[in-house]
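Observations on chain architecture
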Amino acid sequence: MKIYLIAVGDRMPFWVTQGYQEYAKRLPSECSLHLIETGLGKRSKNTNIERAVQDEGERMLAAIPKGCRNIALDVQGRQWSTPELAQHMEGWMQGGRDVALLVGGPDGLASECLAQAEGRWSLSPLTLPHPLVRIVLAEQLYRAWSILKGHPYHRG
């Protein structure tokens, strides 16, 4: 199974790239993590934010590989504990489909992305900066995998 992290934004600071890559490289091929970045919609003081988010959503939906189970990261989604994430990951791995995790930009996900998602997952009731979400997701996916494999990384 491949997990695709499809995220808005393509010019991340070095620390974001480094943090994400550190955890992504730890995941084995049985549940490898792949980042697909889509461009951020143009913003200025006269920008129609709804239109910018819609443009981001169109690019994001076009980037999803065929046949993926789509999970939207959304503050209105269900919050999962790390053991619950491990259960979801186990189900994804047994389901035989790749998974696309959709992470919006600074103004959230387009309504089209939410409508096409098979599930909604909230990392926290806090508003997290979208670059930081990449690192948190990669770390939590690695931690969930470590639970499934009995690896000592997770000592919760």
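See the structure shown above.
Along each chain, the written sequence defines residue order, and numbers are assigned to residues from 1. Given that this is a predicted model, residues contribute local features only at a pLDDT of at least 70 and side-chain atom pairs are listed and counted only at 80 or more, while totals for whole chains, interfaces and linings are drawn from all residues. The side-chain values count all of the structure's non-hydrogen atoms but skip hydrogen atoms and water molecules.

Side note on the sheet that holds strand 3 (residues 69-79)
Pairing within the open sheet is parallel, and its 5 strands lie in the order 2-1-4-3-5. In the strand order of this sheet, the two ends are held by strand 2 (32-38) and strand 5 (119-122), each with one partner. The average undirected angle you get between the axes of adjacent strands in this sheet is 35°. With 5 bridges joining them, strand 1 (residues 2-8) and strand 4 (residues 99-103) adopt parallel strand pairing. Looking at the pairing, Ala7 lines up with Val103 of strand 4. Any two strands are treated as partners once DSSP identifies two or more bridges connecting them. Helix and strand definitions here come from DSSP, where helices need a minimum of 4 consecutive H or I residues and strands a minimum of 2 consecutive E residues; each element is numbered from the N-terminal end. Every angle, taken between N-to-C directions, lies between 0 and 180 degrees, and every axis is a line fitted to C-alpha atoms, over only the stretch in contact when it is a helix.

Topic: the environment of Arg26
By the element assignment, Arg26 lies in the loop between helix 1 (14-24) and strand 2. Relative accessibility thresholds used throughout: buried, under 20% of the residue-type maximum; exposed, over 50%; partly exposed, between the two (1.4 Å probe, protein chains only). Arg26 gets classed as partly exposed once you look at its relative accessible area, which sits at 32%. Put simply, Arg26 and Ser111 are 85 residues apart on the chain and 33 Å apart in space, counted from C-alpha to C-alpha. Two residues qualify as a contact provided that any one of their heavy atoms is within 4.5 Å of a heavy atom in the partner residue. Leaving out residues up to four positions away in the same chain, Arg26 has contacts with Tyr142 and Tyr153.

Structural measurements only, silent on function.
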